[in-house]
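Structural characterization, general
So the chains spell out like this:
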Amino acid sequence: MGIQKKQLNSTMPLIREEMRIPEVANLKGLISLISQPIEENESFHLDLVIASLVRIHPSVKPKDATRMIPAFEQARLIMKDQVEGVGDLDVLLASFLIDYAGVLFQEYEGCTPEFYEFYVNNLQVDSGIKSKKAQQSYRDYKPYWELAKRITKQIREKNTLPLLSTPTHRPAWIDPVVLVSRLLEYQNAKAKPDNLDFQIALSRVALDRTKDALRLADKELTGEYRELLLFLFDPKARPKGRFTQQALWMTAGLVKSPETVYEEFAGFPYSAVNRAYLTGDIPCDVFVFEKPFGKVDRILQLLPPPDKNVQIQRRFGGYALYVTYRPCSRIPLLVETFWKMSLREKDWKRILLLSPNAPQVLLALLVRDRVRDAYWNDTELSQLNLVTLDTLRELDFRWGKMAKTYLAICLLSVNKTVRTDAAELWAEFVKKGKMDSFAVGQILGEIQSHEWSPIQRFAGLVTEDMMNISPRHNHELELLLVSFLSGLPETPVKDLKRLLEAFTEVLAVNQSKVMDASLLSLLRKWGENSKLQEIIEKIL
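**Considerations on empty space enclosed by the protein**
This model, assessed by the stated rule, comprises five cavities of 30 Å³ or more. Within this model, the largest cavity holds a volume of roughly 150 Å³. In terms of lining residues, the largest cavity is bounded by 15 residues, among which Asp373, Leu381, Asn385, Ser413 and Val414 are the most central. Elements supplying a minimum of two residues to the lining of the largest cavity: helix H18 (379-392) and helix H19 (401-411). Looking at the lining of the largest cavity, the element that brings in the most residues is H18, giving three residues. Tallied by class, the residues present in the lining of the largest cavity amount to eight nonpolar, four polar and three charged.

Set out below in structure tokens:
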């Protein structure tokens with residue numbers, strides 16, 4: 001089905017009732033949540049489980065442990081690789097639940113005979129969060145590992161202070177009023193929030209409508225956390241304060257305005273890092289590698305800027321094969337942990353939703369580790385791309401160059417479904433007035449000037465899926481094509497005629513003529529080619 005036949009969503013508030021994630025109200029709801037089949041789990045399932053256990057655990061009685069046996073049995077089977085469709089984050093949650101069973105066993109001296117027998121016979125000491133299987137999840141997904149460790153400690157201490165980072169609305173947004181209320185609980189308890197939990201909360205809090213939260217924070221909060229939220233929630237506010245929590249301030253700044261360098265943060269260790277590694281706005285290029293017998297490989301690569309915290313291993317005379325990032329402080333930023341994330345389709349959406357306000361570093365990671373050759377139909381990469389495109393449709397963030405680069409790459413993908421989904425994403429953001437089509441076209445021109453992908457892929461997408469959605473879309477498509485074509489070399493690239501034919505159709509629909517001076521110059525130059533002369537005459 002073409003995009004023109006689909007209903008596109010207009011911009012709506014991120015925090016609205018139909019998107020609210022139901023809170024687990026009681027023990028019955030908790031048992032149902034942790035016992036449901038894994039295929040029914042939504043992206044926020046892990047967050048909801050650990051947050052609910054913290055709140056409800058003090059009311060758990062010995063007999064309730066017996067009611068949880070099906071959940072603990074499912075966790076055991078996951079750890080034994082006997083459940084299909086499992087991601088590493090599911091393994092991490094399973095290990096956490098097994099450790100929770102151990103907490104119940106110790107607290108209630110074995111609980112009921114049924115639970116005692118099940119625990120002794122099935123749940124081994126090394127099958128919980130300290131197991132080798134769970135340790136792999138730790139190495140790959142540090143933020144969730146740290147949350148699981150922290151929650152286990154809270155449960156043992158019967159500390160019911162809430163996690164700051166638990167989403168309140170789909171897919172992973174936090175109501176800013178709720179964030180202020182949670183922080184107020186810490187203030188009243190004279191307790192210090194966990195740093196990484198707070199950073200995730202800042203990366204998830206909805207910033208499109210913050211007036212009520214701003215008033216509440218101004219009235220109820222005190223000290224540094226008050227100043228932090230006033231800075232984050234007020235678009236015009238500058239950071240001010242003692243800055244004892246530098247990682248929190250830096251994360252708030254990156255979330256609020258990634259392109260802004262706040263001079264107030266100049267003394268932070270994070271400010272010494274090349275900013276591209278914190279925003280994800282790293283440029284790309286096509287590395288052309290000449291092989292024997294006249295063959296050529298064209299490999300898309302990030303162009304990682306030099307930095308003392310970055311190790312770059314090059315191959316084939318300059319290709320940046322490996323890029324390793326090392327955090328610059330003993331208290332890493334959330335975005336710094338992303339550079340060590342693993343790319344697994346079962347976990348990827350949950351990782352992207354750790355930071356719905358600022359996912360560009362994760363997009364850069366995906367490009368760095370998986371995008372190479374435009375001809376290799378990598379099934380796993382296609383699945384990662386489909387998950388990413390689907391997730392981006394639900395988010396509202398500032399589209400920097402990396403997000404536009406990623407969209408351009410997907411518009412050129414070897415996989416037709418990926419190309420179509422990328423076109424749909426472009427169309428949705430055009431309707432919302434949040435797509436810089438000219439910039440996307442520039443990136444397409446930069447990539448295709450090296451003939452990275454067969455140009456007919458995109459030309460077909462233009463005529464089949466991107467034209468005639470609406471007059472506004474046609475206008476944006478013309479902008480995109482003008483900048484795309486203007487970025488191509490004077491020597492015609494392969495199959496340029498096909499793209500020019502699509503451009504001619506768009507001009508006809510818009511009743512437009514080419515006015516861009518640089519493109520006019522290129523068209524005249526291309527018109528010297530006998531194969532292009534006829535189509536160029538139609539355009540001019």
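Let's pick the thread back up.
**A few points about the nonpolar core**
Of all hydrophobic cores here, the largest spans 190 residues; its most connected members are Phe458 and Trp526. Beyond its immediate stretch of four places on either side in the chain, Phe458 contacts Leu411, Leu412, Leu444, Met466, Leu480, Leu481, Phe484 and Leu499.

**Focus: the packing of aromatic side chains**
For the coordinates displayed, the defined rule picks out 21 aromatic pairs. Relative to Phe265, the ring of Phe243 has its centre 5.8 Å away and its plane inclined at 85°; by these criteria the two rings are edge-to-face. With Phe243 in the loop between helix H12 (223-233) and helix H13 (246-256) and Phe265 in the loop between H13 and helix H14 (276-279), this pair connects stretches of sequence that are 22 residues apart. Take Phe243: its relative accessible area is 14%, and that puts it in the buried class. When its relative accessible area of 2% is taken as the criterion, Phe265 is described as buried. One aromatic cluster in this structure is built from Phe72, Tyr100, Phe105, Phe115, Tyr116 and Tyr119. The residue whose ring lies beneath Lys432 is Phe429, and the NZ or CZ to ring-centre distance is 4.8 Å. Positioned over the ring face of Tyr375 is Arg457, at 5.5 Å from the centre of the ring.

**Some details on helix H4 (residues 69-79)**
For H4, every residue scored as buried is listed here: Ile69, Ala71, Phe72, Ala75, Arg76, Ile78 and Met79. Downstream of H4 by one or two residues, Asp81 has phi in the positive range, about 60°.

**Structural notes on the pattern of salt bridges**
Applying the stated rule across the entire model yields 31 salt bridges. Between Lys149 and Glu146 there is a salt bridge; the shortest N-O distance is 3.7 Å. Here Lys149 and its partner Glu146 are both found in helix H8 (residues 142-157), three residues apart, which amounts to about one turn of the helix. Using a relative accessible area of 39% as the deciding quantity, one classes Lys149 as partly exposed. Of the charged contacts, one joins Asp378 and Arg370 as a salt bridge, the two residues approaching to 2.7 Å between their closest N and O atoms.

**A short note on unusual backbone geometry**
Here the residue pair Arg170 and Pro171 is connected by a cis peptide bond, since its omega of -5° sits within 30 degrees of zero. With respect to the helices and strands, the residue Pro171 is situated in the loop between H8 and helix H9 (176-189). Even without a glycine there, the phi angle at Phe243 is positive, about 60°.

**Quick notes on the state of the cysteines**
Enumeration according to the criterion identifies zero disulfides in this entry. Among the cysteines around Cys410, which has no disulfide bond, Cys284 carries the closest sulfur, lying 12 Å off. Accessibility expressed as a relative area gives 1% for Cys410, which makes it buried.

**Points about the side chain of Lys404**
For Lys404, the location among the structural elements is in helix H19. Beyond its immediate sequence surroundings of up to four residues, Lys404 is in contact with Trp399, Asp436, Ala439, Val440 and Ile443.

**Overview of H19**
When you tally the buried positions in H19, you get 10 out of 11 residues, the bulk of the element. Taken together, the buried positions of H19 are occupied by Met402, Ala403, Lys404, Thr405, Tyr406, Leu407, Ala408, Ile409, Cys410 and Leu411.

**Quick look at the confidence of the model for the protein**
When pLDDT is low, close inspection of the predicted coordinates is not appropriate. Considering every residue of the protein, the mean pLDDT works out to 91; 93% of them sit at 70 or more. Taken together, the stretch residues 1-9 has pLDDT below 50 and engages in 23 contacts with residues farther than four places along the chain or on a different chain.

**So, the side chain of Asp347**
Within the secondary structure, Asp347 is located in helix H16 (residues 345-352). Judged by relative accessible area, Asp347 falls into the buried class, the value being 1%. There is a polar contact of 2.9 Å between the side chain of Asp347 and the backbone nitrogen of Leu89. Look past the residues within four positions of Asp347 in its chain and what remains in contact with it is Gly87, Asp88, Leu89, Asp90 and Tyr141.

Rules used throughout
- In this convention, every chain numbers its residues from 1, walking through the sequence in written order.
- Reporting in this predicted model follows two pLDDT cut-offs: at least 70 for local features of residues, and 80 or more for side-chain atom pairs to be given and counted; totals over whole chains, interfaces and linings ignore these cut-offs and use all residues.
- Working from all heavy atoms in the structure, the side-chain values ignore hydrogens and water.
- A cavity here means a set of points on a 1 Å grid, drawn over the protein atoms and nothing else, where a 1.4 Å probe fits but cannot get out; a pocket is an open set with protein on both sides within 12 Å along at least five of seven lines, and a residue lines either one if it has an atom within 4 Å of a point.
- Grid points are joined across faces, edges and corners, and a volume is the space filled by probe spheres set on the points.
- A helix here means a DSSP run of H or I that spans at least four residues, while a strand means a run of E at least two residues long, and both kinds are numbered starting from the N terminus.
- Residue polarity is assigned by list, with Asp, Glu, Lys and Arg as charged and Ala, Val, Leu, Ile, Met, Phe, Trp, Tyr, Cys and Pro as nonpolar; anything else, Gly included, falls into the polar class.
- Note on terminology: a nonpolar core comprises buried Ala, Val, Leu, Ile, Met, Phe, Trp, Tyr and Cys residues joined through side-chain atoms within 4.5 Å.
- A simple rule labels every residue: compare its accessible area, found with a 1.4 Å probe on the protein chains alone, to the largest value its type can have, and call it buried under 20%, exposed over 50%, or partly exposed in between.
- A contact between two residues is defined here by any heavy atoms of the two lying within 4.5 Å.
- Side-chain rings of Phe, Tyr and Trp (the six-membered ring for Trp) are treated as a pair once their centres are within 6.5 Å; stacked means planes under 30 degrees apart, edge-to-face means over 60, and tilted covers the remaining angles.
- Should the NZ of a Lys or the CZ of an Arg lie within 6 Å of a ring centre and within 35 degrees of the ring normal, that charge is described as sitting over the ring.
- Note on definitions: salt bridges are taken to be side-chain nitrogens of Lys or Arg within 4 Å of carboxyl oxygens of Asp or Glu.
- Criterion for a disulfide: a pair of cysteine sulfur atoms within 2.5 Å.
- The predictor attaches a confidence to each residue, and that confidence, scored 0 to 100, is pLDDT.
- Here a polar contact is taken to be a pair of N or O atoms separated by no more than 3.5 Å, where protein atoms must pair a possible hydrogen donor with a possible acceptor and residues adjacent in sequence count only if both atoms sit in side chains.

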